[in-house]
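Tertiary structure, described
Each chain is listed here by its residues.
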Amino acid sequence: MNNFIFHNPTKIYFTDEVEQSLEFELSKYGKNIVLVYGCGSVHKNGIFNQIVKILDKLGKNVAYIDGVMPNPTLEKLNSGVKIAREHKADFLLALGGGSVCDYTKALAVSINSSDDYWDRYFINQLEPNCDVVSLGCILTMCGTGSEMNGGSVITNEKTHQKIGKVFNDKRVFPKFSILNPKYTFSLSKYQMINGIYDAFNHILEQYFSKEDDNVSDYLAEGLMRSIISSSKIANKNPNDYKARSDIMWASTLALNTMLHCGKNGDWMVHMIGQAIGGFTNATHGATLSAISLAYYEYIMPYNIDKFKRFAINVWDIKDNKSDEEIAKLGLLAMKDWMSELGLCMNIKDLLVDESLIEDIANNVFILNGGYKELNKDEIIHILKKSF
């Protein structure tokens, strides 16, 4: 294993006693709260009113940033920074899914920044050199793991760049996150399955990456098996509390930096998916499911042993065949599971026009954490295969 430092400062409340948890945590912070939320579901299911009542009870002075979209834009970030600065925000409270959490972290590091925060954080990938406003999350959709990490993704619509920044500065991590599985019950099936695959793919990208056969790999295999089992139940009965709660916690563990300890990560599926999102505004989980099979089929020859292990330990493939044939059967089992859930399986369904493929490839950040460092021609090949 590589050397590593593990420190995750986020306190998790996995509970349906939201009022008690939120009152206790918000009592530690100042009066001026900015409540950040999405595009309407929190109103339909009554969660918004519940949270506002708690804030009123605590005597908080609240400003609101609403309408945070599934792919938060730089323009939306600019308008949020203006609101938070005028409000003299003491604390930011994210109410929503991963996009709202991502956006709130970008807001936290930008409010007091004197730099161009798009250039500093997302283009140059630098850490904050200013005061960071503390934040907490109340999760209504699981999948991204943003509730327990320092990651943030923002889209610049003018340049078609959708860029993620994983902050190492622990001030950017949520101080607390409240996870109530019942808050996810109002999601559409489309949102639910995309969140499930997002979490699953987070695990894959840490599993298929250079340093193999260590503690993280065994943890990853257990989490993947848990997600597969629970997803099949939730797909048939979305209100199955046990399945939805297992999915929620597995999604958090998938990207709370624990699996990454001692390993590099191969985040190329995310890099290609984010580039697609920059041109199409497609849902994040859908971009991952559309590209991942083509990607993993392409890199499989560079580590047949690991893909064989994946087939045996995750998919229970037991066959007296060659290593390569067993490895292929593992990816076939994954494909069958994805089809069963109803996931998007190609980029054409994301409204990607074939003429866009080269432009998308030009916007892909090429990383070297996996078994094979790709070049632009290989990315184009994978995009065409997934088309």
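In this report, the structure presented in the accompanying data block is examined. (Residues numbered from 1 in each chain as written. Predicted model: local features only at pLDDT ≥ 70, side-chain atom pairs only at ≥ 80, totals over all residues. Heavy atoms only, no water.)

**Describing the pattern of salt bridges**
In the structure shown here, the tally under the stated rule is 22 salt bridges. A salt bridge links Lys 82 to Glu 86, with the nearest nitrogen and oxygen atoms 2.8 Å apart. Here the residue Lys 82 and the residue Glu 86 both occupy positions in helix α4 (residues 74–87), the gap between them amounting to 4 residues, near one helical turn. The same class applies to Lys 82 and to Glu 86, which are both exposed. The salt bridge involving Asp 217 is made with Lys 306; its shortest N-O contact spans 3.3 Å. Taken together, the residues span a long stretch of sequence, with Asp 217 in helix α8 (residues 215–236) and Lys 306 in helix α12 (residues 304–315) at a distance of 89 residues. (Salt bridge = Lys/Arg side-chain N within 4 Å of Asp/Glu carboxyl O. Helix = DSSP H or I, 4+ residues; strand = E, 2+ residues; numbered from the N terminus. Buried < 20%, exposed > 50% of the residue type's maximum accessible area, 1.4 Å probe, protein only.)

**Comments concerning unusual backbone geometry**
Excluding glycine, a negative phi dihedral is what most residues carry, and trans is how most peptide bonds are arranged. Its identity is not glycine, yet Thr 257 carries a phi of approximately 80°, on the positive side. Within the secondary structure, Thr 257 is located in the loop between α9 (241–254) and α10 (268–280). Using a relative accessible area of 28% as the deciding quantity, one classes Thr 257 as partly exposed. Backbone geometry places Asn 281, a non-glycine residue, at a positive phi of 60°. Positionally, Asn 281 belongs in the loop between α10 and α11 (284–299). By relative accessible area, which is 53% here, Asn 281 ends up exposed.

**Quick look at the packing of aromatic side chains**
What describes a pair of aromatic rings is the distance from one ring centre to the other and the angle between the planes of the rings. Considering all chains together, one arrives at 22 aromatic pairs under this definition. When the centroid spacing of 4.7 Å and the interplanar angle of 50° are considered together, the rings of Phe 200 and Trp 337 count as tilted. Linking Phe 200 in helix α7 (residues 189–207) with Trp 337 in helix α13 (residues 323–341), this pair joins segments that are 137 residues apart in sequence. The two residues Phe 200 and Trp 337 agree in class, both being buried. Three or more aromatic residues joined by ring pairs make a cluster, and in this case those are Tyr 197, Phe 200, Tyr 207, Phe 208, Tyr 295, Tyr 296, Phe 307, Phe 310, Trp 315, Trp 337 and Tyr 371. Directly above the ring of Tyr 207 sits Lys 306, whose terminal nitrogen or CZ lies 4.0 Å from the centroid. Its end group placed over the ring of Tyr 218, Arg 309 keeps NZ or CZ at 4.5 Å from the ring centre. (Phe/Tyr/Trp six-rings, centres within 6.5 Å; stacked < 30°, edge-to-face > 60°. Lys NZ or Arg CZ within 6 Å of the ring centre and 35° of its normal.)

**As for the sheet that holds strand β5 (residues 135–139)**
Pairing between the strands of a sheet comes from backbone hydrogen bonds, and it takes one of two forms, parallel or antiparallel. Taken in spatial order, the 6 strands line up as β1-β8-β5-β4-β2-β3 in an open sheet, and their pairing is parallel. Whereas interior strands pair on both sides, the edge strands pair on one side only; in this sheet they are β1 (11–14) and β3 (61–65). Geometrically, the sheet is characterised by an average inter-axis angle of 20° between neighbouring strands, direction not taken into account. Note: strand β4 (residues 91–96) against β5, 5 bridges, orientation parallel. If you follow Leu 95 over to β5, its bridge partner there is Ile 138. Contacts from α4 reach β2 (32–37) and β3 within the one sheet, and its direction differs from that of β3 by about 170°. Relative to β1, α9 is tilted by about 175°, and along the sheet it contacts β1, β5 and β8 (176–179). (Pairing = 2+ DSSP bridges. Axes fitted to C-alpha atoms, helices over the stretch in contact; angles between N-to-C directions. Contact = heavy atoms within 4.5 Å.)

**Regarding the side chain of Ser 231**
In this structure, Ser 231 sits in helix α8. A distance of 2.8 Å separates a polar atom in the side chain of Ser 231 from the backbone oxygen of Ile 228. If near-sequence neighbours (up to four positions away) are discounted, Ser 231 is found in contact with Ile 196, Ile 247, Trp 337 and Leu 341. (Polar contact = N/O pair within 3.5 Å; in protein donor to acceptor, adjacent residues only side chain to side chain.)

**Considering α13**
The terminal C-alpha atoms of α13 lie 28 Å apart, and with 19 residues this matches the ideal 27 Å at 1.5 Å per residue to within 8%. For α13, the complete set of buried residues consists of Ile 326, Ala 327, Gly 330, Leu 331, Ala 333, Met 334, Trp 337, Met 338 and Leu 341. Around the axis of α13, the buried residues are gathered within 150° of arc, so they sit on the same side. The inward-facing, buried residues of α13 contact α7, α8, α11 and α12. Just past α13, the residue Gly 342 takes up positive phi, approximately 95°. (Expected span 1.5 Å × (residues − 1). Arc of directions from axis to C-beta.)

**Points about the packing of α7 against α13**
Viewed as axis vectors pointing N to C, α7 and α13 meet at an angle of 160°, and their least axial separation amounts to 10 Å. Comparing their axes, α13 and α7 come out roughly antiparallel. As for the relative orientation of α7 and α13, their crossing is right-handed in sense. In contact with Lys 189, Ile 193, Ile 196, Tyr 197, Phe 200 and Leu 204 of α7, α13 contributes Met 334, Trp 337, Met 338 and Leu 341. Of the residues that constitute the contact of α7 with α13, the class distribution is 9 nonpolar, no polar and 1 charged. (Parallel < 35°, antiparallel > 145°, perpendicular 65-115°, else oblique. Left-handed = near helix turned anticlockwise from the far one by under 90°. Nonpolar A, V, L, I, M, F, W, Y, C, P; charged D, E, K, R; others polar.)

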